[in-house]
Amino acid sequence: MKLILVKQYHLNLKKNKLKFSVTVTLKKDVLDPQGKVVQNTLLNMGIDSLQNIRQGKYFEIEIDENDDLFAKKKVDDMCKKLLVNLIIEDYKINQIK
Amino acid sequence: MKLILVKQYHLNLKKNKLKFSVTVTLKKDVLDPQGKVVQNTLLNMGIDSLQNIRQGKYFEIEIDENDDLFAKKKVDDMCKKLLVNLIIEDYKINQIK
Amino acid sequence: MRSSVIVFPGSNCDRDIAMALEKLQFKNQMVWHKETKLPKSDLIVIPGGFSYGDYLRSGAIAGKSLIINEVIKSANSGCLILGICNGFQILTETGLLKGTLLRNKNLKFINKDIYINVMNNKTNFSNKYKKNQVLKINIAHNEGNYFTDSKHLDELKKENLIVFKYCDEKGNINENSNPNGSLENIAGILNKKKNILGMMPHPERMVEEIISNKDGVNLFSSLLN
Amino acid sequence: MKITDKIIEKHGLKIEEFENIKKLLKREPNLLELGIFSAMWNEHCSYKSSKIHLKKLPIKGKQVIQGPGENAGVIDVGDDDAIIFKIESHNHPSYIEPYQGAATGVGGILRDVFTMGARPIALLNSIHFGSPKHSKTKSLLNGVVSGIGGYGNCIGIPTVAGETKFNETYNENILVNAMAVGHAKKDKIFYSKAKGLNKSVVYVGSKTGRDGIHGASMASAEFDENSDEKKPTVQVGDPFTEKLLMEACLELMKDNSIISIQDMGAAGLTSSSVEMASKGNLGIEIELDKVPCREENMTPYEMMLSESQERMLIILEDGKEQEAKKIFDKWDLDFVVIGKTTKTNNLTLKYNNKIEGEIPIDALSSKAPIYNRKWIKKKPSKKQINLKDLKKIKIEDALIKILSSPNHSNKSWITNQYDQSVMCDTVQKSGSDAAIIRIHNKDKAIAVSVDSSANYCKSHPITGGKQIVSENWRNLVTVGAKPLAITNCLNFGNPENEEIMGEFAECLEGIKEACEYLDYPVVSGNVSFYNGTNNKNIHPTPVIGGVGLIKKLNKPLDHKFKNENNILLLIGKTFGHLEQSCFLKENFSIDEGMPPEINLLNEKNNGETLLKLIDKNLILSSHDISSGGLITALSEMSISSGCGAKIQKPKKLMNLLKYFFGEDQARYVVEINANNLSKVENILKDNDIYYDNIGYTQEEYLEIEGELKISTKDLFKINNEWYNSY
Ligand SMILES: Nc1ncnc2c1ncn2[C@@H]1O[C@H](COP(=O)(O)OP(=O)(O)O)[C@@H](O)[C@H]1O
Ligand SMILES: [Mg+2]
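Residues numbered from 1 in each chain as written. Chains lettered and ligands numbered in written order. Predicted model: local features only at pLDDT ≥ 70, side-chain atom pairs only at ≥ 80, totals over all residues. Heavy atoms only, no water.

All names here are of chain D. For the magnesium ion (ligand 2), every protein donor is listed as N71 (OD1), D112 (OD) and D263 (OD), and the spread of their distances is 1.9 to 2.7 Å. Every donor residue of the magnesium ion (ligand 2) comes from the same chain, spaced as N-x40-D-x150-D. Pair noted here: N71 is in the loop between β1 (64–66) and β2 (73–76) and D112 is in helix α7 (residues 98–114), with a separation of 41 residues, a long-range link. D112 carries the same exposure label as N71, and that label is buried. (Donors = N, O, S within 2.8 Å, 3.2 Å for Na, K, Ca; no water. Helix = DSSP H or I, 4+ residues; strand = E, 2+ residues; numbered from the N terminus. Buried < 20%, exposed > 50% of the residue type's maximum accessible area, 1.4 Å probe, protein only.)

Below you can see the structure in the form of structure tokens.
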């Protein structure tokens, strides 16, 4: 009996592990030398229905918070402060449920 | 009248532009020096509820095909042949609608 | 001995390796990546540099070029292949060598003279060195952090396929003498048939006293042996 | 579209300048034309504030093949070899996006050099950051260093020398200057002057995008606190494409098909076409529909002002198009004939067969405004520092403070990120006074170095100007090279401010005097004004890049002590000048007073005599004495070699701090074999050189009799800690 109580108590305190994905892409109009080379290579390899390919970065972030909105705000913070170069990149945050 | 016909004909022939996203991440047992550094930096910056962060690549691919399944197959092809190093990386394909 | 150096767009140690080969009396030819035939060669070198700008993954795109099919054919028929730096990365991308080269542990480009230990001197590429001889040699790379799965690592050890390991001046192989985080300090490996060597350090930069030292010379003269 | 005052201002033009444009055109310009004027008339392209001062610089000498006025300067290094070099700033873009800013800075200066037919053989840089404590400094440092390395490493040209400094004055305005040095055959040098009518004007390289539109104007505008938010479209560098472009151009140059060639740098297609036409006294017509574009719906305005990187303009001999195109096809680069030369003397821009703009070339070049801006002389400071007024300090503590300071710390954290060895001709990497690069396949070499002394220039610009030239000259001498010529990058604040303009005028006066005296002409350079924020201007920071010749390459000379029990001579006279010294700055935060005096006669005499000694193989190691004085120079010689030295106290009565930390100029420490002492002394005496025998090398410890004893290992540690823990 005691054991169960303790467990519940613990559960209450424990924050949720929330999971987000962030995709970072170059802004439109910014030169994407990498994308260009990859696209040419794929075309040369015979994949001729390829119209366009853009390369970006991807992050999977796990964070210990209760509140979805607050957590998302934190992730946004990380993006702005470190993960994204706002001068040349755009980003999108998605919660993974 | 003629004009409309031509247009329709054209429409029929024209394939759809289908759009996919591919996320590429390092396999679990592969050392991720970059992710580790990013994680430490974020922790040092005071984001202490951060549990885990993994970095990967992201591609946005537009392809001129009619059939969703066939198109996805093509994207899978690109991944296997070029975009992903299967020895160390995992990938996921998603259609963007 | 006839050698061929494959030139990709973005290769930038092609001239350097050609100079070294010629200095050591190889009959060398440069081969442009768009060519579909290789000249008759006893040695094929894939030089260092940034083929295709290192875009996507270093070596990935060069690994899909036309000429690579010919390299693979030659390799399978026993021709000696040497991949240096970006050349090593390309060889792993083509599958001729197993494993892969990850970002350096410190996430920075590293250019330095470091030391390597000759682990196996019974190879086509190292027979002029003494076993466990310590060479001072230059590295210059972003992705030199060798990684492979444990099964392959076992094979590398069992079959004596590790030719060079990073070490210190005295030959000690440990974490402190590992510049880039490579698995077990691996700096250069062979394939199972032992006709392909991939290595991150640049022996072609070590063939003249006035520029550096001559520690790289014996790699080339081993090939002539 | 009506051109309003607001639009004029947005283009960085003054109303008077706009009136002037109308007079030159005899009508009102349209927007495209206004954009072109704004690009060509801004400070960066027109040199409107600096021109009259630059004219005074000595630019001639028998070693000079091409002085200022071309993409880069060209000097003769004997046989059929020429060296082509230039320095350029990329300050503002690097503050906004440090990685790309620095990378494209390197890319830009490389194009200036290979445009002229040279294969680049070395890269150098001078980078200045704010205080290490400033919140932005660390990420700027990281970004700039990896940007410089990212570009140079990828293209495969060794980055062999440079300087890195920190000072609050750059907190909001860092400096990133990049220098490139190339080698060409004397009879295969390419110029930008167009010749002949109806010749094809060819566009080669990358496609044009909307990058850095108005970048050239940005480089000429002061920042304000909003510039963080402005986020202009920054240029992204593509070193891979540049490598292809370089190889393709050098391949094309083997043949005789090029009449003239010009890279597209600041103000892209506009400045390159205008420059070629203006030098050739011709007109040029461009069909903008043909310009290869990366983005959809680009307007003529955007095409003309885009600063997309990795592009060139070539004027070809008749009938050479086919062959030339083949080469660019091989390298997967665009090659399009976009226009022709005309006799109109106009820049004519067509789009869809309609003339969209037409401007007389001279209105954009020779008739661009030139200003004789007001300036005021700097008053010499009377301030003298009396050591008795300061807290007592031990030599050891002061030395440690200096050696562990960001400005004097070992820079291998930076230089290890640069490929210094690629091309296999780097005889001496960074770390010594100058780098040494062998001329490929020959047994001669060049030495290169970049230098600046903003504190000296701030406190007394004329002296400062002389000092940087002298120090740069000295750096080449210490490695045994005969200094031949310089390039200069003049980084200053707002020229509309009379005090700043005074700093500019007087620094140039100093540079001129020193260059004249030392027969060290200026063959290329670049001016960067408006370095500052909210009227806070940076200290005047002219940067000198010098090239010297080593005729017969033996073992390279460096500043590492070679062995124990060798004799150490101090060449040049020691007075103990402490004002503006690093000793006072690092230990007491004092930066007042005059910089040390420059005596050009001694400078020349001391340097040339040292060169004689080196020529006769009498010198084992040598080091010039600069910031930090004698003891700092000795420490550096110890640290790099692991060998120590025992130094006597001066025989004459002089305060020890002054003696060991004074920054008197024209001095060198040299190591010689004891057996050669009398030979060396005779030569020094014959040449009227003042020198002191100050001690000898010894095992392991740097020691001053009774004052200091510190192991070289400890010195090494002290000198290497800062970067690694920053
Ligand atoms: N400080 C200077 N000293 C000497 N020459 C200079 C100086 N600044 C610019 N120049 C010369 O003026 C010309 C134009 O310079 P710049 O506009 O920087 O060249 P680019 O168009 O190649 O970028 C060059 O030939 C350059 O060498
Ligand atoms: Mg130029």
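This next bit is on the sheet that holds strand β2 (residues 50–65) of chain B. Pairing in this open sheet of six strands is antiparallel, and the strands run β3(A)-β1(A)-β2(A)-β2(B)-β1(B)-β3(B) from one edge to the other. Of all strands in the sheet, those bounded by a partner on one side alone are β3 (89–96) of chain A together with β3 (89–96) of chain B. Between one strand axis and the next, the sheet turns by 25 degrees as a mean value, whatever way the strands run. Alignment of strand β1 (residues 16–26) of chain B against β2(B), held across ten bridges, turns out to be antiparallel. Note on β2(B): the bridge partner recorded for S21(B) is E60(B). Here helix α3 (residues 68–83) of chain A sits on the sheet and contacts β1 (16–26), β2 (50–65) and β3 of chain A together with β2 of chain B; the angle it forms with β2(A), its principal contact strand, is near 120 degrees. Lying over the sheet, helix α3 (residues 68–83) of chain B contacts β2 of chain A together with β1, β2 and β3 of chain B, oriented at roughly 120 degrees with respect to β2(B). (Pairing = 2+ DSSP bridges. Axes fitted to C-alpha atoms, helices over the stretch in contact; angles between N-to-C directions. Contact = heavy atoms within 4.5 Å.)

In this section: the site of ligand 1. Residue and element names in this part refer to chain D. As a structural note, the neighbourhood of ligand 1 is formed by 17 residues, with Y47, G69, E70, E88 and N488 the closest of them. In the model, an oxygen atom of ligand 1 is placed 2.7 Å from a nitrogen or oxygen of the G69 main chain. The contact in question runs from an oxygen atom of ligand 1 to an N or O atom on the side chain of E88, over 2.8 Å. For ligand 1, whose free accessible area comes to 550 Å², the fraction covered by protein is 86%. Those elements that place two or more of their residues in the shell around ligand 1 are β3 (81–89), β17 (482–491) and β18 (522–528). (Near = heavy atom within 4 Å. Polar contact = N/O pair within 3.5 Å; in protein donor to acceptor, adjacent residues only side chain to side chain. Areas by Shrake-Rupley, 256 points an atom, 1.4 Å probe, with all protein chains shown as cover.)

As a further point, take the interface of chain C and chain B. Often, the extent of an interface is quoted as the loss of accessible area on bringing the components together. Taken together, the contact pairs 15 residues of chain C with 16 residues of chain B. Taking both partners together, chain C and chain B bury about 1200 Å²; carbon and sulfur atoms supply 68% of that area. Taken together, the connections running from chain C to chain B amount to one salt bridge. Where E89(B) meets R57(C), a salt bridge forms, and the shortest distance between an N and an O atom there is 4.0 Å. Remark: the boundary between chain C and chain B carries six residue pairs in polar contact (both at pLDDT 80 or more). Put simply, the parts of the chain that give the side of chain C that touches chain B at least two residues each are β5 (100–102) and β8 (145–147) of chain C. (Buried area = accessible area lost by both parts, 1.4 Å probe. Salt bridge = Lys/Arg side-chain N within 4 Å of Asp/Glu carboxyl O.)

Residue and element names in this part refer to chain D. Per the stated rule, a full pass over the model turns up 18 aromatic pairs over all chains. When the ring of W413 is compared with that of Y723, the centres are 5.8 Å apart and the planes differ by 15 degrees; the resulting orientation is stacked. Taken together, the residues W413 in helix α17 (residues 412–415) and Y723 in helix α26 (residues 712–725) connect sequence positions 310 residues apart. Between W722 and Y726, the ring centres sit 4.6 Å apart and the planes meet at 20 degrees, which makes this aromatic pair stacked. (Phe/Tyr/Trp six-rings, centres within 6.5 Å; stacked < 30°, edge-to-face > 60°.)

Residue-level contacts link 30 residues of chain A with 30 residues of chain B. In this assembly, chain A packs against chain B so that about 2800 Å² is buried in total across both faces, 65% of it on carbon and sulfur atoms. Interface area lost by chain A to chain B is led by S49(A), Q51(A) and Y58(A), which between them contribute 20%. For the interface between chain A and chain B, the tally reads zero salt bridges.

Once that is clear, we can look at the relation of the copies chain A and chain B. Least-squares fitting of chain A to chain B yields an RMSD of 0.2 Å, with the transformation described by 0.0 Å of translation along the axis and a rotation of 180 degrees. Accordingly, the operation relating the two chain copies is best matched by a two-fold axis. Measuring from the rotation axis to each C-alpha of chain A, the shortest distance belongs to K57(A), at 2.3 Å. Take the interface residues of chain A: 100% of them recur as interface residues in chain B, which is what a same-surface contact looks like. (Least-squares fit on C-alpha atoms with pLDDT ≥ 70 in both.)

This brings us to the arrangement of the chains. Where five pairs of chains are in contact, the pair with the most contacts is made of chains A and B. For the non-touching pair chain B and chain D, the nearest C-alpha separation works out to 12 Å.

Residue and element names in this part refer to chain D. The final tally for this structure, using the stated rule, is 74 salt bridges over all chains. Residue D80 pairs with K442 through a salt bridge whose shortest N-O separation is 3.2 Å. Pair noted here: D80 is in the loop between β2 and β3 and K442 is in the loop between β15 (435–438) and β16 (445–451), with a separation of 362 residues, a long-range link. When its relative accessible area of 26% is taken as the criterion, K442 is described as partly exposed. Across the pair E247 and R119 runs a salt bridge whose closest N-O atoms are separated by 2.8 Å. With E247 in helix α11 (residues 239–253) and R119 in strand β4 (residues 119–129), the pair connects residues that are 128 residues apart, well separated along the chain. When its relative accessible area of 28% is taken as the criterion, R119 is described as partly exposed. Here the residues in one salt-bridge network are D79, D80, D81, K185, K442 and K444, joined through shared partners.

Let's shift gears to the sheet that holds strand β24 (residues 643–647) of chain D. Residues and elements named next belong to chain D. Judged by pairing direction, the sheet is mixed, and its seven strands sit side by side in the order β23-β25-β22-β26-β24-β27-β28 without closing on themselves. Both edges of this open sheet fall to β23 (621–624) and β28 (708–711), since each of them pairs with a single strand only. Along the sheet, successive strands turn relative to each other by an average axial angle of 20 degrees, direction set aside. Summarising the sheet, strand β27 (residues 701–704) and β28 pair through four bridges and their orientation is antiparallel. Residue L702 lies in a different strand from β28, and its bridge partner there is I710. Against the sheet, helix α19 (residues 461–478) engages β23 and β25 (668–672), with an angle of about 175 degrees to β23. Packed on one face of the sheet, helix α25 (residues 677–686) meets β22 (567–571), β25 and β26 (691–699) and runs near 5 degrees to β22.

With that settled, the discussion passes to the nonpolar core. Judged by nonpolar contacts, the single largest core of 177 residues is most densely connected at L83(B) and F328(D). Per-element tally for this core: the top contributor is α11(D), with nine residues. Apart from residues lying up to four places away in sequence, L83(B) is in contact with V38(A), L42(A), I53(A), F59(B), I61(B), M78(B), E89(B), L56(C) and R57(C). Among the nonpolar cores identified, the runner-up in size contains 57 residues, and A434(D), Y530(D), I571(D) and I689(D) belong to it. (Core = buried A, V, L, I, M, F, W, Y, C linked by side-chain atoms within 4.5 Å.)

As a further point, take helix α3 (residues 31–41) of chain D. Residue and element names in this part refer to chain D. Buried residues dominate α3, accounting for ten of its eleven residues. Burial in α3 covers these residues: L32, E33, L34, G35, I36, F37, S38, A39, M40 and W41. Two to three positions downstream of the cap, the backbone nitrogen of L32 sits 3.2 Å from a side-chain oxygen, assigning the N-cap of α3 to N30.

Now for helix α8 (residues 137–155) of chain D. For α8(D), which comprises 19 residues, the first-to-last C-alpha distance of 27 Å matches the rise-based estimate of 27 Å (1.5 Å per residue) to within 8%. At the exit of α8(D) stands G156(D), carrying a positive phi of roughly 85 degrees. (Expected span 1.5 Å × (residues − 1).)

Let's shift gears to the confidence of the model for chain D. Reading predicted coordinates in detail is not appropriate for stretches of low pLDDT. Residue and element names in this part refer to chain D. The predicted model of chain D averages 95 in pLDDT, with 97% of residues at 70 or higher. Ignoring residues within four places in sequence, the model shows residues 227–231, a span with pLDDT below 50, making five contacts including any to other chains. Interface predicted TM-score (ipTM) for the complex: 0.90; the corresponding pTM is 0.93. (pLDDT = per-residue confidence, 0-100.)

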